[in-house]
Amino acid sequence: MRRVWFGVLAALLAVAVVVVLRADTEKAAPAAVLDPSTPVEQRVDELMSRMTLADKIGQMTQAERAGVTPDQVTEYRLGSVLSGGGSAPDDNTPAGWADMYDAYQRGALATPLKIPMLYGVDAVHGNNNVPGSTIFPHNIGLGATRDPDLVQRIGAATAEEVTGAGPDWTFAPCLCVARDDRWGRTYESFGEDPAIASSMTTVITGLQDGPAPVLATAKHYLGDGGTTGGDDQGNTELSEAELRRIHLPPFQAAVDRGVGTVMISFSSWNGVKAHGNRFLITDLLKTELGFTGFTVSDWAGIDQIDGQPGFTRAEVVAAVNAGLDMLMVPENWTTFLDDLRVAVEAGEIPMSRIDDANRRILTQKFRLGLFEKPYADRAFTRTVGSAEHRELARQAVRESQVLLKNTGVLPLAKSGGKIFVAGKSADDIGNQSGGWTLTWQGASGAIVDGTTILDGIRDTAGTGTTVTYDRSGAGIDGTYRAAIAVIGETPYAEYEGDRPGGLGLDTEDRQVLAKLRAAGVPVIVVLVSGRPMDVASLVDGWDAFVAAWLPGSEGAGVADVLFGDYAPTGRLPMTWPASSAQEPINTGDGKAGLYAYGYGLSFDDREADAAPPSSPGTPSATASKLRWMAATDTGGSGLDGYDVLRDGALVGTTVATSLSITKLSPGVHEFTVVARDKAGNRSAPSSPLVVTVPDPGGCKTRDGVCVVT
């Protein structure tokens, strides 16, 4: 989401001419609404029967905390409040956040129907808004782990820390499939292959179904990772078939897991803004995929539909009729309410659309238990930055390290001699945490609690080893047994991180590398970055090369691998380009990068596995399950699992030789299975299983020939 500071907004609100929405009658919520034993659908029906238009359009509105007071939440019956990146209470502690949350919630519960509000935050790698929280690796590093169970545990830990500070909704996970490393949000992606993002939707289960459930958000729907040139909020120019093949599968997986909300993308598909695209939101997401949660716009996303600054009533109409249920309107939300009311009263938006949006929003509030427990659960405050969560983060860092080159210098011995450490990111926890850390863009420096990579090196090296650090490399000489250069990117977020001019190292990094190489000692490069960088012309001079991604607050996990306490197991979630000129480069496009998608060494410096597995057997169907004969690994890296495709689109990933399938729509469907190995190689598809589902009501298709019997 874009972040805009408010400055004088509060003062402007005080003098703005707005239409105050009042209920014609004040009807208290009936007992059935408050009884948790009553089925959710019935509770929603009872509540909606008592809601006025003012209640309903209030539920569809989300304002930013810097521009709304608890009293205004009461007056306008607002359904949600959010904190943008860096938008925090004056008491920026877990307790201060919980106090703020409770104040807004008291405002919501002071309305006649006592409908609790949702409070949303960008907890995208831990509860990264609150000082003291555990900062987990960004998604690109988690994609390198290929460990869905780990990611589910991270989701549950994040939910506990968010709950302990009050909020009940996170705008995560990002299920974007990043196809161009120049994009400034690449690190928010699990990888370039939809299979990775689909498998990592386990984080949704962790967030929503753990000990302290919070509402999850699958974002950004749809195609934000495929824009031309990696232009943030740009235009994804793809056929519908390619959009479905590359960018849709993670959202199908999220829907299958019961994700509560889906955030619509700023980007366009073939020139049409997603925020106004009824086909994408209503026809595809809600109808075809069967999404029953609610959709939410991105930060002031409706403003962009007509390409002009600000929003108009026409844009409000377009967005709501396209299928948006809740509108994130950080500024001018009172104007939005007025526009929405007038549009409904004028018949520009049917009441059925307003009711559908409210039904979806209220259903999620009931399912989350907000009516029973509306206030901050301070029992979880003790989990914020807990030792248990930091150890989980350290494990995630270890598993995310990808060893790309090793002449035998790694693992480092723990005792004896001297080790030199240099580079701007060796002793900088802000750099290793990246964007979306305390603030929207993040920042260099000691901004959060934790261990830097240098801290980890010093703690892990034995007492007989001398560790010397100088950021610039000054003082290095031939007496050191190895030099570690920790270099890479500094923090950024969204379009501030777009790099259309290329992804080379900066001057400081190059100078550090030159000094270390001139000393004649083995050079180990640890690259801290949110994406692959253009290093092909330099890597021949390095003795070892580790992609550390953006590890977060627990930098000691990097040292765990450097010194051999844990062998590297990470594998590239992105193809590593041989030069920036190759962008975009992705597996299967015929381009030869510096390192292939799925590449990653261990300390035995094994020969790279380039042989695909054999094809799985033809699947068979029994009841609601597909089964097939196992594939055979031919290259030595070992089988990693299977991708199941329906009509050419990914519908599931598994390590077993079976997969449960959801109810099929009428028509002819073709299922195939592809095997993956741990080096990232993919088999040829299995022979297809063709399934025909008859339609007792006759053939109904959006376009094309009727194929149903």
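Procedures and definitions
Residues numbered from 1 in each chain as written. Predicted model: local features only at pLDDT ≥ 70, side-chain atom pairs only at ≥ 80, totals over all residues. Heavy atoms only, no water. Pairing = 2+ DSSP bridges. Helix = DSSP H or I, 4+ residues; strand = E, 2+ residues; numbered from the N terminus. Core = buried A, V, L, I, M, F, W, Y, C linked by side-chain atoms within 4.5 Å. Buried < 20%, exposed > 50% of the residue type's maximum accessible area, 1.4 Å probe, protein only. Contact = heavy atoms within 4.5 Å. Expected span 1.5 Å × (residues − 1). Lys, Arg positive; Asp, Glu negative; His and termini not counted. Salt bridge = Lys/Arg side-chain N within 4 Å of Asp/Glu carboxyl O. Polar contact = N/O pair within 3.5 Å; in protein donor to acceptor, adjacent residues only side chain to side chain. pLDDT = per-residue confidence, 0-100. Phe/Tyr/Trp six-rings, centres within 6.5 Å; stacked < 30°, edge-to-face > 60°. Axes fitted to C-alpha atoms, helices over the stretch in contact; angles between N-to-C directions. Parallel < 35°, antiparallel > 145°, perpendicular 65-115°, else oblique. Left-handed = near helix turned anticlockwise from the far one by under 90°. Nonpolar A, V, L, I, M, F, W, Y, C, P; charged D, E, K, R; others polar. UniProt positions renumbered as here; feature names shortened; annotations may be inferred.

Once that is clear, we can look at the sheet that holds strand β2 (residues 80–82). Spatially, the 5 strands line up as an open sheet ordered β4-β3-β2-β1-β11, and their pairing is parallel. Each edge of the open sheet carries a strand with a single partner, namely β4 (169–170) and β11 (327–328).

Formed by 99 residues in total, the largest nonpolar core has its most connected members in Y119, Y221, V262 and L340. Apart from the residues within four sequence positions on either side, Y221 is in contact with L248, F251, V262, M263, I264, S265, A274, L280, I281, L284 and L285. Counting residues in hydrophobic clusters, the runner-up holds 72 residues, among them A461, V512, V525 and L527.

Another point: helix α6 (residues 94–109). In this model α6 runs 22 Å from its N-terminal to its C-terminal C-alpha over 16 residues, within 8% of the 22 Å that 1.5 Å per residue would give. Among the 16 residues of α6, 12 are classified as buried, and the element is accordingly described as predominantly covered. Buried residues of α6: P94, G96, W97, A98, M100, Y101, D102, Y104, Q105, G107, A108 and L109, and no others. Those residues of α6 that are buried lie in contact with α5 (70–76), β2, β3 (118–121) and α8 (148–164).

By the element assignment, K273 lies in strand β9 (residues 272–273). Summary of buried charges: K273 has no salt-bridge partner, and the nearest side chain of opposite charge, D231, is 8.2 Å away. Polar contacts involving the side chain of K273 include one to the main-chain carbonyl oxygen of F266, which spans 2.8 Å. Excluding anything up to four places from it in sequence, K273 contacts Q233, F266, S267, S268, Q304 and I305.

Turning next to the confidence of the model for the chain. Confidence in the prediction of the chain, expressed as mean pLDDT, is 92, and 93% of residues score 70 or more. For residues 2–25, every residue scores under 50 in pLDDT, and the model assigns this stretch 49 contacts once sequence neighbours within four places are set aside. Note on residues 698–709: pLDDT under 50 across the span, and 15 contacts to partners over four residues away in sequence or across chains.

This part is about the pattern of salt bridges. Overall, the coordinates contain 36 salt bridges when judged by the stated rule. Ionic pairing is found between D640 and R676, a salt bridge with its closest N-O pair at 3.8 Å. Of the two residues, D640 sits in strand β20 (residues 639–646) while R676 sits in strand β23 (residues 667–677), which places them 36 residues apart along the sequence. There is no split in this pair, since D640 and R676 are both buried.

Counting across every chain of the model gives 18 aromatic pairs. A centroid spacing of 5.2 Å and a plane angle of 85° characterise the contact between F420 and Y480, whose relative ring orientation is edge-to-face. Remark: Y480 occurs in the loop between β14 (466–469) and β15 (482–488) and F420 occurs in strand β13 (residues 418–422); sequence separation between them is 60 residues. No difference in accessibility class separates F420 from Y480, as the two residues are buried.

Moving on: the packing of helix α3 (residues 40–48) against helix α16 (residues 351–368). In a packed pair of helices, the relevant descriptors are the angle between the two axes and the axis-to-axis distance. In the contact formed by α3 and α16, the axes pass within 10 Å of each other and the chain directions differ by 125°. One element, α3, and the other, α16, form an angle in the oblique class. Like other packed secondary-structure pairs, α3 and α16 cross with a definite hand, here right-handed. Between α3 and α16, the contacting residues are V40, E41, R43, V44, D45, L47 and M48 on the first element and D355, N358, R359, L362, T363, F366 and R367 on the second. Classifying every residue of the contact of α3 with α16 by side-chain character gives 6 nonpolar, 2 polar and 6 charged.

In this structure, the amide linkage connecting Y221 to the following residue, L222, adopts the cis form with an omega of 10°. Along the chain, the position of L222 falls in the loop between β5 (217–221) and β6 (235–236). Residue L410 is joined to P411 through a cis peptide bond whose omega torsion reads 5°. Relative to the helices and strands, P411 is located in the loop between β12 (402–406) and β13. Phi is positive for N332, which is not a glycine, with a value near 60°. Turning to its location among the elements, N332 is positioned in the loop between β11 and α15 (333–345).

Glancing now at the UniProt feature "domain: Rhodanese" (unreviewed entry) in the chain. Residues annotated by UniProt as "domain: Rhodanese" (unreviewed entry) correspond here to residues 511–554. Strand forms 27% of residues 511–554 and helix 18%; the C-alpha atoms that close the span are 27 Å apart.

Before going further, it helps to spend a moment on the sheet that holds strand β21 (residues 649–654). Pairing within the open sheet is antiparallel, and its 4 strands lie in the order β21-β20-β23-β24. If you trace the sheet from one side to the other, it starts and ends with β21 and β24 (689–693), each paired once. Neighbour-to-neighbour, the strand axes of the sheet open up by a mean angle of 25°, direction not taken into account. As judged from the 5 bridges shared by β23 and β24, these two strands associate in the antiparallel manner. Considered in β24, the bridge of H669 is made with V691.

The next subject is the pairing of β13. Of all 5 residues that make up β13, 4 are buried, and the element is covered over most of its length. As defined by bridge partners, β13 adjoins β14 across 4 bridges and the pair is classed as parallel. Opposite V421, over in β14, you have Y469 as the bridge partner. Judged from the 4 bridges that link them, β13 and β15 form a sheet pairing that is parallel. Bridging from a neighbouring strand, F420 pairs with A483 of β15.

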